[in-house]
Amino acid sequence: MTVDTKDRLVDAATTVLKTQGYSGVSARTIAKEAGVNSALVFYHFGGVDQLLLAALDRSSAERMALHTVTVADVKTLEELAEAATRIYRDDLDGGHIALFSELVTAAVAKPELRGPVSQRAEPWQAFIEETLERVIGGTALARLTPPRDLANAAITFYLGVNLFTVLDEDRSRTDSVFAMVRRLAPRAKLLTMRLPSRTRRGTATPKDS
């Protein structure tokens, strides 16, 4: 019963945060959505913010499992651009961008949320950086735009795009950004070519032997 109640509270917190935003979240609104007593929010999680962070943790775990598969076979910039578009659309349609962005916005006014929310962004930073390193690591493009810097840009865009979708209701302008990236990806092929590594001095290459 306890596990079921906690799951229902996490479900409810997710729904309320996505549909009403952080300003509409309270123990009462969450409990009403879950069909339980509001005191259970504090009993199981210690407070509303802790419950919202638990909702973010579950959402992130589900997304990480899904998107790890999405990028597993990506080897080129073109494939990476397609995967990034799919990830964005999946997260937007599922409300995951809204969930994360609402907590980031809340952290502006509540400094005590900044550390916990920032910690939860770090695995995504690492995920993006590792994927980029696998695709462009050791190339001229990686020297021009290091994977860590690109990962920072991706996280920044991810947060900003949720705010922009309020103005871009049909997603046309946001979709145009991804379309541009997909057009540019094939043009950057020369920058992603890996040259054969140089041999040590005095060591014959297969061509010399």
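Everything below is about the structure printed above this text.
Residues numbered from 1 in each chain as written. Predicted model: local features only at pLDDT ≥ 70, side-chain atom pairs only at ≥ 80, totals over all residues. Heavy atoms only, no water.

What about the environment of Ile30?
Item 1. When you line up the elements, Ile30 lands in helix 2 (residues 27–34).
Item 2. Residue class for Ile30 comes out buried when judged on its relative accessible area of 0%.
Item 3. Separated by 59 residues in sequence, Ile30 and Arg89 place their C-alpha atoms 27 Å apart.
Item 4. Once you skip the residues sitting within four places of it in the chain, Ile30 turns out to touch Leu9, Ala12, Ala13, Val16, Val25, Val48, Leu51 and Leu52. (Helix = DSSP H or I, 4+ residues; strand = E, 2+ residues; numbered from the N terminus. Buried < 20%, exposed > 50% of the residue type's maximum accessible area, 1.4 Å probe, protein only. Contact = heavy atoms within 4.5 Å.)

Section: the pattern of salt bridges
Item 1. Under the criterion given, the structure shown has 9 salt bridges.
Item 2. Across the salt bridge formed by Arg58 and Asp11, the nearest N and O atoms sit 2.4 Å from each other. Within this pair, whereas Arg58 is found in helix 4 (residues 48–71), its partner Asp11 is found in helix 1 (residues 2–20), the two being separated by 47 residues in sequence.
Item 3. Overall, the relative accessible area of 38% leaves Asp11 in the partly exposed class.
Item 4. A salt bridge links Arg171 to Asp93; the nearest nitrogen and oxygen atoms lie 2.7 Å apart. Taken as a pair, Arg171 in the loop between helix 9 (147–164) and helix 10 (172–184) and Asp93 in helix 5 (residues 77–94) lie far apart in primary sequence, 78 residues in all.
Item 5. In this structure Arg171 comes out as partly exposed when scored by relative accessible area, which is 27%. (Salt bridge = Lys/Arg side-chain N within 4 Å of Asp/Glu carboxyl O.)

Everything listed here is a matter of geometry and, on its own, says nothing about what the molecule does.
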